[in-house]
Amino acid sequence: MTQTYVVTGAAGFIGSHIAERLLRDGQRVRVIDNLLTGQRENLDCLRSLNGDLSITVGSITELETLRSLFRGVDYVLHQAALPSVPRSLADPLETHRHCVTGTLNVLIAARDNDVKRVVYAASSSAYGDQAGDLKDERLLPMPISPYGAAKLAGEYYAAAFTHSFGLETVALRYFNVFGPRQDPNSTYAAVIPKFITQMLADQRPTIYGDGLHSRDFTYVDNVVAGNLLACAAPAAVGQTINLAIGGRITMNQLVAQLNAILGTNLEPRYTAERPGDIRHSQADVTKAGQLLGYEPVVDFAEGLRRTVNWYRNSLPRGQDL
Ligand SMILES: NC(=O)c1ccc[n+]([C@@H]2O[C@H](COP(=O)([O-])OP(=O)(O)OC[C@H]3O[C@@H](n4cnc5c(N)ncnc54)[C@H](O)[C@@H]3O)[C@@H](O)[C@H]2O)c1
């Protein structure tokens with residue numbers, strides 16, 4: 001059945017993949033993005049699909065914009081945020097505005113327009129300093145950055161809107177998402193796009209520490225699948241749910257796998273560990289299986305191959321890295 005979806009932050013990495021999938025499925029899609037970290041090319045890519053799409057270049061910090069955008073909308077998939085720990089350290093108020101005030105506006109506008117459900121992009125950064133390598137949702141959140149605190153505040157607001165107003169919400173805690181269209185160029189770029197673009201240019205990747213830090217790297221198609229399941233699953237309402245592969249890849253393994261895919265033999269450069277870097281971050285995805293019927297649709301190795309292919313084909317030659 002055709003439904004109307006709003007995807008916030010759809011000029012960004014994850015939002016553009018969710019909107020693309022919905023358009024390919026023949027759904028009506030409205031997107032909003034203020035291009036703070038998002039790219040116009042991602043919106044062009046959505047336009048090129050010739051689906052039922054409307055684009056608003058605007059900010060979720062403007063409640064009235066959202067009130068009119070959400071009229072007649074069935075589902076809101078809320079991805080917009082300023083997703084950067086260093087930027088939140090430099091300017092906590094700005095992070096608060098986009099992540100917390102923006103989310104509160106999304107919830108108010110959804111409540112006032114009788115939206116069926118809001119799915120919120122939460123973050124594994126909520127676990128922060130929690131001891132124990134395997135993160136499950138019963139652990140007490142302990143964010144260590146203003147960004148982590150802001151993303152957690154969004155979760156709490158979402159659950160509170162379910163309890164106080166009956167608005168159906170689900171918070172999905174993403175773990176280290178990667179895939180095509182992730183920005184490799186910003187100072188705050190995530191490790192996978194950074195390593196791929198460096199290694200494609202025959203440069204040695206830089207690892208902070210001994211390379212034994214590990215992450216639950218999650219190919220973006222898994223996050224898209226989780227969002228679609230979260231729109232429908234009855235038992236997910238009011239819940240916070242990890243969304244990941246449930247695996248553990250060290251930085252050294254990542255470089256080794258990239259060398260294998262690229263046919264290179266680039267030794268990493270090791271430098272001082274970054275203060276505050278969490279050693280291991282691995283999700284327990286049992287709850288996602290139980291409440292959403294989720295299981296990963298693309299594993300890490302296949303996701304990495306697809307991602308390398310995308311960067312190989314889309315990076316302009318001679319790009320200054
Ligand atoms: N990428 C990850 O590994 C990861 C992990 C955990 C959680 N998340 C969450 O997933 C979501 C998407 O992250 P991403 O990696 O695609 O980041 P991204 O920066 O590519 O996308 C975020 C988008 O939100 C837009 N935006 C920011 N402030 C806005 C505002 N006030 N109004 C409208 N649009 C605004 C940006 O322009 C951008 O297009 C974020 O909520 C992030 O916190 C991402």
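In the block above lies the structure referred to throughout.
Residues numbered from 1 in each chain as written. Predicted model: local features only at pLDDT ≥ 70, side-chain atom pairs only at ≥ 80, totals over all residues.

Novice: It is not clear to me how the sheet that holds strand β12 (residues 239-243) should be interpreted in this structure. Could you clarify?
Specialist: Each strand in a sheet pairs with its neighbour through backbone hydrogen bonds, running either in the same direction (parallel) or in the opposite one (antiparallel). Taken in spatial order, the seven strands line up as β3-β2-β1-β4-β5-β7-β12 in an open sheet, and their pairing is parallel. Where the open sheet ends on each side, the last strands, each with one partner, are β3 (53-57) and β12. When the angles between neighbouring strand axes are averaged without regard to direction, this sheet yields 20 degrees. As paired strands, strand β1 (residues 4-8) and strand β4 (residues 75-78) are joined by four bridges and run parallel to one another. (Pairing = 2+ DSSP bridges. Helix = DSSP H or I, 4+ residues; strand = E, 2+ residues; numbered from the N terminus. Axes fitted to C-alpha atoms, helices over the stretch in contact; angles between N-to-C directions.)

Novice: Is there a simple way to explain the nonpolar core in this structure?
Specialist: Note that soluble globular proteins tend to have their nonpolar side chains buried in a common cluster. By size, the foremost hydrophobic cluster in this structure holds 86 residues, and its most contacted members are Val 7, Ala 19, Phe 70, Val 76, Ala 110, Val 118 and Leu 172. With seven residues, helix α8 (residues 220-232) is the largest single contributor of residues to this core. Residues lining this core come from more than one domain, with at least three contributed by each of domain 1 (4-175 + 219-243) and domain 2 (178-215 + 247-282 + 298-314). Sequence-distant contacts of Val 118, that is, excluding residues within four places in its chain, are made with Val 76, His 78, Val 106, Leu 107, Ala 110, Ala 158, Leu 167 and Thr 169. (Core = buried A, V, L, I, M, F, W, Y, C linked by C-beta atoms within 7 Å. Buried ≥ 20, exposed ≤ 12 C-beta atoms within 10 Å, placed from the backbone. Domains from an automatic or database assignment. Contact = placed C-beta atoms within 7 Å.)

Novice: Whenever I open this one, the pairing of strand β15 (residues 280-283) confuses me. Can you help?
Specialist: In regular strands, side chains alternate between the two faces of the sheet. Pairing geometry for strand β6 (residues 134-135) and β15, over two bridges, is parallel. When the bridges of β15 are listed, Leu 134 appears paired with Gln 282. Examined bridge by bridge, strand β10 (residues 214-215) and β15 share two bridges and lie parallel to one another. Bridged to Ser 214 within β15 is His 280.

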